[in-house]
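# Residue-level structure breakdown
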Amino acid sequence: MPLIIIFVECGIELIPQNLEKFSSIRRKLSSQNYSTLILDNALHHSAMRILKNFEKRGRPDIAHICLLNALGSILNKKGYLKIYIHTINNRIFEINPVIRIAKNYNRFKGLMGKLLIDGAIKSENEYLISQFEGDLEKLISSFEKPEVLLFSRKGKQIKNFNDLFNNDIDKNYIAIIGGFQKGSFSKEIMKLSENLVSISKYPLEAWIVTCKIISFYEIFNKIE
Ligand SMILES: C[S@@+](CC[C@H](N)C(=O)[O-])C[C@H]1O[C@@H](n2cnc3c(N)ncnc32)[C@H](O)[C@@H]1O
C-alpha cells in the first residue's frame, strides 16, 4: 500500500482583494506573471497583519520544500507515495508523482498562481496537478481502511518509529502534516483523527517531519 501524505492548511493563496488597497502591493500585480499574484509573507508582511489568521498564511515556501523532499524520495520514485496539498482556503490538490517541481521559488509561486486560477496543471497528455472536488473527510473516506495519523508536537510522543505502522498491509496510512509556519491545526483538522502523534519533543519544520516519516516508511517496508 502506498503512504498517503496530506499537507494541510498550506499558506498558498492568491493575494486577497482587500490587500489590493495597498499601493505597494497593487503596483506589483501582473496578470502576465502568476508569481506576483501569490500571497507571500516575505513580501507582504506588514499588509498581511489585517488578515484573519495571518500567521498561517502567505507561506508557499513551506509547501515548496516539502514537495521537493517528498517527490524526490525513493518512496515516490517507486510509486508508493500519494501526495495531496490542502490550502488554507480548503482547496485540495492531488500531485501526480511524475511532476517535476521547479526548484526555483519564484517559478514555484508562478505554478501555484496558475494552479489556483485554472484549477489544474496539465501537460500534453496528463494532469500534473488536479483538484479534488470535496473536503478532507471525503478525501480520506475515498481510501479503503484509512488509518489517519495527525502529526503534531502536541501529540503523544512515540518511543520508536515502529509504533507508527503495524503490519496490516491492507491499511492505507494517511500522514497529515501542517503546511504552515505558526499555530496549531484548526478544529476541522483535529476532527479528522484522534491519533495525534509527536515524533520529537522539539518543534520541527514540516519538511523535516516529511523526510523522517518517508524514510521510516521506506525502511519499514524495505523499499530501496
Ligand atoms: C512548523 S510546524 C507548525 C508550527 C507549530 N508550532 C507546531 O510545532 O506544530 C509544521 C508541522 O510540522 C509537524 N510537526 C512539527 N513538529 C512536530 C513534532 N515534534 N512531532 C510531530 N509533528 C511535528 C506538524 O504537522 C506541524 O503542523
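This text goes with the structure placed above it.
Residues numbered from 1 in each chain as written. Predicted model: local features only at pLDDT ≥ 70, side-chain atom pairs only at ≥ 80, totals over all residues. Heavy atoms only, no water.

Bringing the layout of surface pockets into the picture now. There is about 600 Å³ of room inside the largest pocket. Looking at the largest pocket, it is lined by 25 residues, and the ones nearest its centre are Phe151, Ser152, Arg153, Gly183 and Leu204. Listed by contribution, the elements that provide at least two residues to the lining of the largest pocket are strand S6 (146-157), strand S7 (172-178), strand S8 (196-198) and helix H8 (206-220). Among the elements that take part in the lining of the largest pocket, S6 stands out by supplying four residues, more than any other. Across the lining of the largest pocket, the residue classes tally to 14 nonpolar, seven polar and four charged. Space inside the second largest pocket adds up to approximately 390 Å³. Lining the second largest pocket are 18 residues; nearest its centre among them are His86, Ile88, Asn90, Ser186 and Glu188. Contributing elements (two or more residues each) for the lining of the second largest pocket: helix H6 (136-141) and helix H7 (187-190). A class-by-class count of the residues in the lining of the second largest pocket yields five nonpolar, six polar and seven charged. (1 Å grid on protein atoms, 1.4 Å probe; cavity = no way out; pocket = protein on both sides within 12 Å on 5 of 7 lines; lining within 4 Å. Points joined across faces, edges and corners; volume = space filled by probe spheres on them. Helix = DSSP H or I, 4+ residues; strand = E, 2+ residues; numbered from the N terminus. Nonpolar A, V, L, I, M, F, W, Y, C, P; charged D, E, K, R; others polar.)

Tracing the sequence through the fold places Ile15 in the loop between strand S1 (3-10) and helix H1 (23-26). Separated by 14 residues in the primary sequence, Ile15 and Leu29 have C-alpha atoms spaced 9.2 Å apart. What Ile15 contacts, discounting residues up to four positions off in sequence, is Glu20, Ile25, Leu29, Thr36, Leu37, Ile38, Leu39 and His44. (Contact = heavy atoms within 4.5 Å.)

With 12 residues, helix H3 (residues 60-71) should cover 16 Å at 1.5 Å per step; its first-to-last C-alpha distance of 16 Å lies within 8% of that length. In terms of burial, H3 is largely enclosed, as nine of its 12 residues are buried. For H3, the set of buried residues is Pro60, Asp61, Ile62, Ala63, His64, Cys66, Leu67, Ala70 and Leu71. Buried positions along H3 lie against S1, helix H4 (74-77), strand S2 (81-87), strand S3 (92-95), helix H5 (105-118) and H8. (Expected span 1.5 Å × (residues − 1). Buried < 20%, exposed > 50% of the residue type's maximum accessible area, 1.4 Å probe, protein only.)

Before going further, it helps to examine the site of the ligand. Surveying the vicinity of the ligand reveals 18 residues, the closest of which are Phe151, Ile199, Ser200, Tyr202 and Leu204. Contact between the ligand and Phe151: an oxygen atom at 2.5 Å from a main-chain N or O atom of the residue. A distance of 3.0 Å separates a nitrogen atom of the ligand from a polar atom in the backbone of Ile199. Within the complex, the protein chains bury 90% of what would otherwise be the 540 Å² of accessible surface of the ligand. In a pocket analysis with a 2 Å cut-off to the grid points, the ligand is assigned to the largest pocket. Mapped onto the shell around the ligand, the elements with two or more residues apiece are S6, S7, S8 and H8. Looking at the shell around the ligand element by element, the count peaks at three residues for S6. Among the residues forming the shell around the ligand, the class breakdown is 11 nonpolar, six polar and one charged. (Near = heavy atom within 4 Å. Polar contact = N/O pair within 3.5 Å; in protein donor to acceptor, adjacent residues only side chain to side chain. Areas by Shrake-Rupley, 256 points an atom, 1.4 Å probe, with all protein chains shown as cover. Sits in = over half its atoms within 2 Å of the grid points.)

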